[in-house]
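Observations on chain architecture
Here is how the chains run, residue by residue.
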Amino acid sequence: MITESRVKEFVNEPFTDFSKPENKQAMEKAIETVRSTFGQKYPLIIDGKEIMAKGDDFIVSTNPADPKEVIGYFTKATQKDADAAMQAALTAFESWKKVSPEKRADYVFKAAEIMRKRKFELSAWLTQEIGKSFAEADGDVAEAIDFCEFYAREMLRFAGKQPVTPYPGEDNKLVYIPLGVGLVIPPWNFPLAILVGMTTASIVAGNTVILKPSSDTPAIAYQFIRIMQEAGLPAGVINFMPGPGASVGDYLVTHPKTRFISFTGSKEVGLRINELAAKPNKGQIWIKRVVAEMGGKDSIIVDKDADAEEAAQGIVSSAFGFQGQKCSACSRAIVHKDIYDKVLEKVVEKTKKLSIGKIESSDVLMGPVASKSAYESILKYIEVGSKEGRVVAGGKAHQTPSNGYFIEPTVIADVDPKATIAQEEIFGPVLAFIKADSWENAIEIGNNTEFGLTGAVYSNSREHLKEAAEDFHVGNLYLNRKCTGALVGVHPFGGFNMSGTDSKAGGRDYLLLFMQAKSISEKIK
Ligand code: NAD
């Protein structure tokens, strides 16, 4: 068994270098292998048992680059399954909470080890099921490994002696104990990393879980479940339950035995969960804890004396990496009027060079957007945006013979700070360029949405960088670098305002959200 003193200091998982032919080839081979499994049927896993749909009640996961291709058919959970999953999780909790923190951490360390060995295969699933480029897929898997390594270490830290003030005549201590059964609801955009982070944090802290993956990405979620089984995790600790958010989701959110809900996704769904969870139901004896990480409308501010080339590079990479579908993606460039034209020109030039297509080689940087509904919604925003500003790059769907959901990376200039595309989360490859009259005006615009997730500032003024640190109200602020690519442990992640509960995933406060502290005081005789 691993104890804290034997565990090496946490370091981030290195990214794969796809300029090396052996890595490129390994990935291409993994894609072939994954594709050879397409079209299979997958069960729910409740209490370690597989439950396969009897009729044709499946969630069909398709390849967004070629929607005719079925990645897999996933058994759709019903309310009866939800009840069974709750029962399994409640029963498993009674024994799992007594398993030592060190042993629980061991399972999670083991999962990291398995993921590391299967890196290319896991990345391959991400390229096919959700259209991640090689580098983006590799980043997602690396982050999943990081979450396991980080939270397992964190559990060992919390299991250690906690500081309390000595008091004469008493022996006092504080211990962290788990909460109970949690409902884990991740999004499709980091369908491995975020799902793994939310789930492993829950279980390593001693809770048991009902995991409802996004209906757009059940295949990669299923791979994780298999990895946890291979790591030897006891049955019932994680119950795998793909199902419709609206019915099964609501049912479990309101269930009196649900102790906490860990959600990452849109503002609308997050607020709904928060509201439903707040109301106690018959038989409920606690206030449910809700961790809800939600949307963003993230900006990069460029000051008048900034390096235009560096800023443009940062903007393009933050705006169009994974087709702009990161909660941290830059969807607004707020540029000082003195440098506006120069930065815009560079951004347009770089945007036009981005390669777009099916993710079959490392040369393609942009794949399809996630789904038909995402595709339609983004194109609508582009239509709105074309009336709110000047389309200077992209502006339409990218046609392919496969009828995939491809959209050109789009830059819309001269957008008013209060325009729809400057305020609402689009979650696609659409960047609004906004002109600021002054530095103060740029910060004011940066803070003018209901969100507060990430933001970046490019400036050569120490004074302005200091002001940004104080006044730019975002959970993750980056100075003179892009606003995406938060690393576990290095940049604890979470946003302000309508961006959520600021849980700071990958940080040293995160595990506390999944535990409660018990103070034990004994009189010394
Ligand atoms: P979504 O809100 O549509 O779905 C998120 C999850 O909630 C999915 O698993 C979905 O099936 C489930 N769901 C839907 N309705 C439900 C209901 N009534 N009850 C219970 N569950 C329900 O979000 P999405 O489209 O999957 O993800 C994109 C969103 O996630 C964007 O807004 C993005 O900004 C946000 N996001 C935020 C962060 C962050 O850390 N703040 C990280 C990633 C993504």
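Bringing the side chain of Thr 400 into the picture now. Here Thr 400 lies in the loop between β14 (390–393) and β15 (410–413). Relative accessible area serves as the criterion here: at 18%, Thr 400 is assigned to the buried category. Of note is the side chain of Thr 400, whose polar atom sits 3.3 Å from the backbone nitrogen of Gly 404.

A word on the site of the ligand. Around the ligand, a shell composed of 29 residues is seen, among which Pro 186, Lys 212, Ser 266, Met 294 and Glu 425 lie nearest. Here an oxygen atom of the ligand sits 3.3 Å away from a polar atom, N or O, in the main chain of Gly 265. Notes on the ligand: free accessible area 850 Å², of which the protein chains cover 88%. Among the secondary structure elements, those contributing two or more residues to the shell around the ligand are α8 (245–254), β10 (260–264) and α9 (267–278). Counting residues per element, the shell around the ligand draws most heavily on α8, at four residues. Among the residues making up the shell around the ligand, the classes are represented as 15 nonpolar, nine polar and five charged. Taken domain by domain, the makeup of the shell around the ligand includes at least three residues from each of domain 1 (27–294 + 503–519) and domain 2 (298–487).

Mapped onto the elements, Phe 74 comes out in strand β5 (residues 66–75). With 14 residues separating them in the primary sequence, Phe 74 and Val 60 have C-alpha atoms 6.3 Å apart. For Phe 74, the contacting residues outside a window of four places in its chain are Tyr 42, Asp 57, Phe 58, Ile 59, Ser 61, Pro 218, Ala 219 and Tyr 222.

On to the sheet that holds strand β4 (residues 58–63), then. With mixed pairing, the three strands of this open sheet are ordered in space as β1-β5-β4. The open sheet has two edge strands with one neighbour each: β1 (40–42) and β4. Geometrically, the sheet is characterised by an average inter-axis angle of 35 degrees between neighbouring strands, direction not taken into account.

Residue position: Leu 453 is located in the loop between α14 (439–446) and β17 (454–458). Its relative accessible area of 2% is what places Leu 453 among the buried residues. Sequence-distant contacts of Leu 453, that is, excluding residues within four places in its chain, are made with Met 294, Gly 295, Gly 296, Asp 298, Cys 327, Val 474, Gly 475, Asn 476, Phe 493, Gly 494, Gly 495 and Ser 499.

Moving on, we get to the sheet that holds strand β18 (residues 476–479). Adjacent strands of a sheet form backbone hydrogen bonds with each other and so pair up, either parallel or antiparallel. Ordered by their spatial adjacency, seven strands build an open sheet running β14-β15-β16-β13-β12-β17-β18, and the pairing between neighbours is mixed. For this open sheet the edge positions go to β14 and β18, each flanked by a neighbour on one side alone. Direction aside, the axes of adjacent strands within the sheet are offset by 20 degrees on average. As paired elements, strand β12 (residues 298–302) and strand β13 (residues 330–336) share five bridges and run parallel to each other. The partner of Val 302 across the bridge, within β13, is Val 335. The strands touched by helix α12 (residues 372–388) are β14, β15 and β16 (430–436); relative to β15, the strand with the most contacts, the crossing angle is about 25 degrees.

What follows deals with the pattern of salt bridges. Taken as a whole and judged by the stated rule, the model has 25 salt bridges. Close ionic contact of Arg 157 with Glu 154 constitutes a salt bridge, the shortest N to O distance being 2.7 Å. Within this pair, Arg 157 and its partner Glu 154 are both found in helix α5 (residues 134–159), separated by three residues, close to a single helical turn. When its relative accessible area of 3% is taken as the criterion, Glu 154 is described as buried. Here Glu 408 ties to Lys 396 by a salt bridge, and the two come within 3.1 Å at their closest N and O atoms. You can see Glu 408 sitting in the loop between β14 and β15 and its partner Lys 396 sitting in the loop between β14 and β15, a full 12 residues away along the chain. Overall, Glu 408 belongs to the buried group, its relative accessible area being 17%. Residues participating in the shared-partner salt-bridge network are Glu 13, Arg 116, Lys 119, Glu 149 and Arg 153.

About the criteria used
Residues numbered from 1 in each chain as written. Predicted model: local features only at pLDDT ≥ 70, side-chain atom pairs only at ≥ 80, totals over all residues. Heavy atoms only, no water. Helix = DSSP H or I, 4+ residues; strand = E, 2+ residues; numbered from the N terminus. Buried < 20%, exposed > 50% of the residue type's maximum accessible area, 1.4 Å probe, protein only. Polar contact = N/O pair within 3.5 Å; in protein donor to acceptor, adjacent residues only side chain to side chain. Near = heavy atom within 4 Å. Areas by Shrake-Rupley, 256 points an atom, 1.4 Å probe, with all protein chains shown as cover. Nonpolar A, V, L, I, M, F, W, Y, C, P; charged D, E, K, R; others polar. Domains from an automatic or database assignment. Contact = heavy atoms within 4.5 Å. Pairing = 2+ DSSP bridges. Axes fitted to C-alpha atoms, helices over the stretch in contact; angles between N-to-C directions. Salt bridge = Lys/Arg side-chain N within 4 Å of Asp/Glu carboxyl O.

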